[in-house]
Amino acid sequence: MNPILLLTLSIGIIGSNSLVLSPIAAEVAKSFEHHSPSDILIASAIYGLMTAISALVLAPKADTYGLRKSLFLSLITATFGLSISAMTQTLIVLCIAQGIIGLAAGVALPATYGLAADIAVKGRESETMGKVLTGWTLSLVVGVTLSALIADWIHWRFVFISMAIMSGIIALFVKSIARREQRTPPDKKTSPLTALCIPGITSALISVAAFMTAFYGLYSFLGAHMQTTLLAPTSYIGLASLAYGIGFGIIAPIDRFIDRYGAHRVAPLVFTTMIGVYLMLSLTSGAAYTLILCCLLWGGINHLGLNLLVGRLTAIDPAQRASIMGLYSAVTYVAMFIGATSFKPIFDQYGFAIIAILSASCIIPALWNSLRFRRYSMN
């Protein structure tokens, strides 16, 4: 199987689990007595916490152990956790299972991004990374849309059974990835602390934090806004997520222009456009149809922004890619928490249009760092 396709599917299966519980929480709750849908989402919180811990503690070890082997073992571990999730009869066991998958995800995502950078043809790194990132489109389509249909038509357990089977199959194929694995010598141990000492890493992680806070801060309240303020049916909320996912995927052919013109030239344009898209989301927040259309643009520009951020991080120090991407994953999940919690009181008081403007302002540090990076690269 094509290595790039395998990495794309790896992102897809890990990302699907991170999104899947939210749309099916009500169905899952029916299987556990005396538990509400909000109780089920505790498992998602545990998943996120364990992913962040794993990204900081376990992911750096992939630099010495090898990215391919680390991804393989992570997928096997995820398969185990998904299987338990499908069979559990209690919420406690579901939380434990999601914690196990979180441990796997904290290593799998950094290893996947690192492998994508390793197997990319020189001069086509951004194009390759863009293809792998479309795995998040699979996550949105499968995790948000298809899983809800499966849970409604068949059973929620079949969602986890399907993902467990897919994860196991992908794991077996990952072993066949042929590449020259670049490992860190055993006497040179890597860690988040050693990665933080690399020149340029701090500004890159600040850009990641700005990007993720803006996204999760707004995305967390998109459904609530459409349902309570616009009084849109539930299907419209799914369409908004689907539009974002489609936009995220169809923009992938544009990634080659990052390779052609250079990330340092493209990044300021992308982040400036991103600010404009967030402002457009604010202006169109009063109508469901226009908001869904803007979600299409939002997905497209976020794809390019994520490609630029991940591409910059994987290029900083190839020998410490897993440690660096572990920091990336940890910052992502911290930003997810900060975005959801800090935006909530503003959303409750002022509404979706104002938090969209707040998201636009969050991108300013990323734009500023991209301008600094451009000046540095041009000198």
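Keep in mind it's a predicted model, so treat the numbers as computed, not measured.

Draft legend 1. Highlighting the overall build of the protein chain. Helix and strand content of the protein chain: 18 helices and zero strands. For 379 residues, the compact-globule formula gives about 21 Å, and the C-alpha radius of gyration of the protein chain, at 20 Å, lands near that figure. The contacts of the protein chain with a sequence gap of at least 6 include a subset with a gap of at least 24, amounting to 83%. A total of about 16300 Å² of accessible surface is found on the protein chain, and carbon and sulfur atoms cover 70% of it. Once the 23 positive and 14 negative side-chain charges of the protein chain are each reduced to a mean point, those two points are 10 Å apart.

Draft legend 2. Geometry of helix H16 (residues 321-350). With 30 residues, H16 should reach 44 Å at 1.5 Å per residue; the first-to-last C-alpha distance of 41 Å fits that figure. Positive phi shows up at Gly351, right after H16, with a value of about 100°.

Draft legend 3. Looking closely at the nonpolar core. Membership of the largest hydrophobic core comes to 115 residues, with the highest contact counts inside it found for Tyr278 and Trp298. With 13 residues, the top contributor of residues to this core is helix H15 (residues 288-316). With residues up to four places along the chain from it excluded, the contact list for Tyr278 reads Ala214, Phe215, Leu218, Trp298, Asn302, Ala356, Ser359, Ala360 and Ile363.

Draft legend 4. Up close: the packing of helix H5 (residues 91-119) against helix H6 (residues 125-133). The geometry of H5 relative to H6 is characterised by a closest axis approach of 9 Å and an angle of 145° between their N-to-C directions. Between H5 and H6 the crossing geometry is right-handed. Along the contact surface, H5 presents Thr112, Tyr113, Ala116 and Ala117, while H6 presents Thr128, Met129, Val132 and Leu133.

Draft legend 5. Focus on the pattern of salt bridges. Counted under the stated rule, the structure contains five salt bridges. The residue Glu127 makes a salt bridge to Arg124 at a minimum N-O spacing of 3.2 Å. Arg124 sits in the partly exposed class, given a relative accessible area of 42%. Here Lys131 and Glu127 are joined by a salt bridge, their closest N and O atoms 3.9 Å apart. Highlighted residues: Lys131 and Glu127, both in helix H6, separated by four residues, approximately one helical turn. With relative accessibility at 37%, the residue Lys131 sits in the partly exposed group. Connected through shared salt-bridge partners, Arg124, Glu127 and Lys131 make up one network.

Draft legend 6. Representation of the confidence of the model for the protein chain within the structure. Per-residue confidence for the protein chain gives a mean pLDDT of 87; residues scoring 70 or more make up 95%. In the model of the protein chain, helix H9 (residues 192-196) stands out as the element of lowest mean pLDDT, 76, in contrast to helix H17 (residues 352-362), which has the highest, 96.

Draft legend 7. The environment of Leu41, seen in detail. Locating Leu41 in the fold gives a position in helix H2 (residues 37-57). The exposure class assigned to Leu41 is partly exposed, which follows from its relative accessible area of 35%. When the C-alpha atoms of Leu41 and Cys95 are compared, they prove to be 9.2 Å apart, with 54 residues separating the residues in sequence. Non-local contacts of Leu41, meaning those with residues more than four positions away in its chain, are made with Leu21, Ser22 and Ala25.

About the thresholds
Residues numbered from 1 in each chain as written. Predicted model: local features only at pLDDT ≥ 70, side-chain atom pairs only at ≥ 80, totals over all residues. Heavy atoms only, no water. Helix = DSSP H or I, 4+ residues; strand = E, 2+ residues; numbered from the N terminus. Rg over C-alpha atoms; globule rule 2.2 N^0.38 Å. Contact = heavy atoms within 4.5 Å. Areas by Shrake-Rupley, 256 points an atom, 1.4 Å probe, with all protein chains shown as cover. Lys, Arg positive; Asp, Glu negative; His and termini not counted. Charge placed at Lys NZ, Arg CZ, Asp CG, Glu CD. Expected span 1.5 Å × (residues − 1). Core = buried A, V, L, I, M, F, W, Y, C linked by side-chain atoms within 4.5 Å. Buried < 20%, exposed > 50% of the residue type's maximum accessible area, 1.4 Å probe, protein only. Axes fitted to C-alpha atoms, helices over the stretch in contact; angles between N-to-C directions. Left-handed = near helix turned anticlockwise from the far one by under 90°. Salt bridge = Lys/Arg side-chain N within 4 Å of Asp/Glu carboxyl O. pLDDT = per-residue confidence, 0-100.

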